[in-house]
Amino acid sequence: MSRKQLDMTLLALAGLISFGLPLLIESPTYLQILILLFFYAYLTTSWNLVGGFAGVLPLGHAVFVGIGAYTSTILALQFNLSPWFGMLVGGMVAALVGVAIGKPTFRMRGAYFALCTIAFSEGVRVMIENIDSLGPIKFNGPRGLLIPLKGESFWNYQFMHKEPYYYIILTMLVLVLALTWFISRSKMGYYLAAGGDEPDAAQALGVDVAKYKLIALGLSSFLTALAGTFYAQLMLYFYPKGILGLDLSFEIAFIALIGGRGMIAGPLIGALVLRPLNEFTRIYLSNQLPGLHLVIFGLILILVMLFQPKGLTLPLTRLYDRLASKITTTGA
Amino acid sequence: MNTLLQAVVDGIMMGAIYGLTALGLTLIFGVMKVVNFAHGSLLMVGMFAAYWFIKLTGIHPYLALVVVPPVLFFFGYFMQDIVIKPVFKAEREVREPLTVIIVTTGVWYVLDNLALMLFGAEYRTVRTAITGISFSLDSIIVSLPKLSGFVVSVGTAVGLWCFMRKTRIGRALQATSLDRETANLMGVNQYRIYNIAFGIGTAVAGVAGCVIIPFYYVYPSVGVVFDIRAFIIVVLGGLGSIRGAMLGGIVIGLVESVFSQFMTSTWTEAIIYAIFLTILFVKPSGLLGNKLDW
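In short, a report on the structure.

**A word on the overall build of chain B**
Here comes step 1: Looking only at helices and strands, one finds 11 helices and two strands in chain B.
Here comes step 2: If you list the helices and strands of chain B from N to C, you get α-α-α-α-β-β-α-α-α-α-α-α-α.
Here comes step 3: Here the C-alpha radius of gyration of chain B, 19 Å, is about what a compact globule of 294 residues would show, namely 19 Å.
Here comes step 4: Taking the principal axes of the C-alpha coordinates as reference, chain B spans close to 60 × 45 × 35 Å.
Here comes step 5: Residues classed as buried in chain B amount to 54% of the 294 residues present.

Right under this line is the structure:
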């Protein structure tokens with residue numbers, strides 16, 4: 001078996017397993033954990049377009065998730081529009097907001113950019129928490145929005161079982177992974193990488209670093225907002241502190257950094273490691289000792305940064321390379 | 001008119017204390033070029049240290065000022081030496097290593113939740129010798145714990161400022177802040193300087209803890225309340241600037257207390273974010289910041 005064949009077989013196997021999993025898993029709780037795992041992998045992959053490829057550290061991406069959720073839900077509640085349509089509107093609003101904050105902030109150095117994104121998203125959260133209603137449009141302040149049950153309908157983006165949500169987020173994840181793969185091999189990907197590593201040198205060679213960063217942020221915000229609509233429809237309820245809060249923004253960045261920033265598989269690997277860890281330590285430890293699961297979380301973060309500052313993808317790839325070369329040589 | 005004057009007095013006193021909570025952050029950034037996300041947690045550690053010290057010994061809060069900051073200095077010194085330095089060494093060629101930011105975030109999670117495990121989630125207060133005492137000047141009411149907090153804050157800032165200029169260690173800190181390679185070549189041990197900077201930053205958080213505890217409560221995630229505000233203050237004043245942190249703190253304190261005369265406190269929070277973003281867009285280096293740092 002050649003290396004390429006091995007890669008393809010494994011990829012096909014992974015595809016088959018992820019497609020067939022809902023048939024094997026009957027417990028909605030476990031399916032929900034998987035759905036959220038893919039949801040976070042999707043968010044982090046979108047984040048990776050700016051946070052990874054463009055080499056800055058955005059720490060306020062929850063604001064785009066929130067824009068997506070609020071836009072589609074408000075359009076559905078007020079004008080009875082399908083959330084699918086609202087999802088696209090939310091994406092466009094988020095892209096506009098992203099470009100608007102990217103334009104002045106991309107001039108700044110790392111720390112300033114990170115602090116600025118935090119302040120912006122926290123500012124938006126505080127604003128929304130203060131608004132009960134804007135004219136006829138209800139925001140419900142800190143209580144958030146509830147989406148009324150309308151019964152199973154594709155048009156309303158509501159399903160009685162978890163499986164449709166599973167396949168929707170799986171499709172979204174596959175598409176966004178394909179998109180980042182495509183971008184990383186395009187001219188834009190090279191420009192972004194060059195601008196992230198050596199902004200001055202790239203600029204001197206005639207790369208319009210700022211422009212490509214802005215495009216990346218716009219695209220990233222758009223994609224992130226789509227997941228906001230997904231989350232709203234999955235939960236049928238959301239509130240500012242959860243969907244616009246710092247915890248969500250930080251978790252996205254953590255997954256990326258633990259998995260490997262700027263690597264296509266990074267977000268997926270990060271989510272595969274952190275999400276189950278997060279869910280299970282919370283389920284099993286938080287009753288006995290509240291806080292212990294977050295201590296473990298923090299320690300893992302510190303240890304990965306100490307021993308694998310580029311994330312877990314790199315050593316895992318090396319391990320896979322070694323195993324693969326063994327299989328292909330002994331097999332041939 | 002009187003309520004407005006009262007709001008201004010309150011705002012300046014509280015603002016200086018906010019400035020004090022941001023001093024350690026700005027010092028550590030100035031020297032190490034790292035935004036310390038664990039700063040709020042260090043403040044929480046300082047507040048708990050002051051809380052337990054005063055609670056167990058029943059000592060006057062001013063005396064805690066002599067004991068708590070030195071303890072916290074060593075806490076910060078060794079935390080930087082053991083946890084943060086290795087990451088720094090791995091990324092020594094990067095000016096603002098982002099992995100260090102993530103490590104400090106990990107430290108934040110660990111410290112806050114260790115406190116939660118040890119002390120529980122309840123809000124704790126301790127009655128000190130100055131708690132609740134106030135006096136009136138003309139028609140203005142001045143709270144004694146806040147006034148002494150103001151005095152200690154300004155004193156700490158002035159002391160730190162002199163220390164940075166007049167002592168050998170202070171100059172070494174400044175040299176490392178300006179150009180770590182050259183400072184290295186001149187015989188400054190960069191990593192020892194980082195330990196010292198982190199230690200001083202943490203000690204200042206300890207001072208802030210002693211100052212805040214007589215009129216505020218402490219709980220494991222109390223740092224987050226001051227953390228975001230400290231970030232805003234240092235960016236407002238200019239990251240790395242000691243005078244900037246005090247100025248930024250007083251601006252934020254004034255905005256908070258004057259605007260809260262006209263609107264609910266949640267809206268004043270929104271206004272603080274708006275002011276912060278405006279300043280960032282108009283003058284990213286902050287009011288008194290160093291142009292090199294943004």
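**Quick look at the environment of Lys326(A)**
Here comes step 1: Here Lys326(A) lies in helix H14 (residues 313-331).
Here comes step 2: Along the chain, Lys326(A) and Pro58(A) lie 268 residues apart, while their C-alpha atoms are 40 Å from each other.

**Observations regarding the packing of helix H5 (residues 144-166) of chain B against helix H6 (residues 168-178) of chain B**
Residue and element names in this part refer to chain B.
Here comes step 1: Between H5 and H6, the shortest axis-to-axis distance is 5 Å and the interhelical angle comes to 85 degrees. Relative to H6, the element H5 lies roughly perpendicular. Contact residues: Phe163, Met164, Arg165 and Lys166 in H5; Gly170, Leu173 and Gln174 in H6.
Here comes step 2: A per-class count over the contact of H5 with H6 returns three nonpolar, two polar and two charged.

**Describing the packing of helix H2 (residues 39-57) of chain B against helix H3 (residues 61-90) of chain B**
All names here are of chain B.
Here comes step 1: It is the contact of H2 with H3, at a shortest axis distance of 9 Å, that shows an interaxial angle of 135 degrees. Here H3 runs oblique to H2, going by the angle between their axes. The handedness of the crossing between H2 and H3 comes out as right-handed. When H2 is examined against H3, the residues Leu42, Val45, Gly46, Ala49, Ala50, Phe53 and Ile54 are found in contact with a partner set consisting of Pro61, Ala64, Val67, Val68, Val71, Leu72, Phe75 and Gly76.
Here comes step 2: When its residues are assigned to classes, the contact of H2 with H3 shows 13 nonpolar, two polar and no charged.

**Remarks on the interface of chain A and chain B**
Here comes step 1: Listed per partner, the contact involves 36 residues of chain A and 39 residues of chain B.
Here comes step 2: Counting residues per element, the side of chain A that touches chain B draws most heavily on helix H5 (residues 110-130) of chain A, which supplies 15 residues.
Here comes step 3: Across the side of chain A that touches chain B, the residue classes tally to 27 nonpolar, five polar and four charged.

**Let's talk about the pairing of strand S2 (residues 140-143) of chain B**
Residue and element names in this part refer to chain B.
Here comes step 1: Across four bridges, the pairing between strand S1 (residues 134-137) and S2 is antiparallel. From the neighbouring strand, Phe135 faces S2, where its bridge partner is Val142.
Here comes step 2: From the end of S1 to the start of S2, which pair antiparallel, there are two residues, and Asp138 there has a positive phi angle of about 60 degrees.

The rules behind each value
- Residues numbered from 1 in each chain as written.
- Chains lettered and ligands numbered in written order.
- Predicted model: local features only at pLDDT ≥ 70, side-chain atom pairs only at ≥ 80, totals over all residues.
- Helix = DSSP H or I, 4+ residues; strand = E, 2+ residues; numbered from the N terminus.
- Rg over C-alpha atoms; globule rule 2.2 N^0.38 Å.
- Buried ≥ 20, exposed ≤ 12 C-beta atoms within 10 Å, placed from the backbone.
- Axes fitted to C-alpha atoms, helices over the stretch in contact; angles between N-to-C directions.
- Parallel < 35°, antiparallel > 145°, perpendicular 65-115°, else oblique.
- Contact = placed C-beta atoms within 7 Å.
- Nonpolar A, V, L, I, M, F, W, Y, C, P; charged D, E, K, R; others polar.
- Left-handed = near helix turned anticlockwise from the far one by under 90°.
- Pairing = 2+ DSSP bridges.

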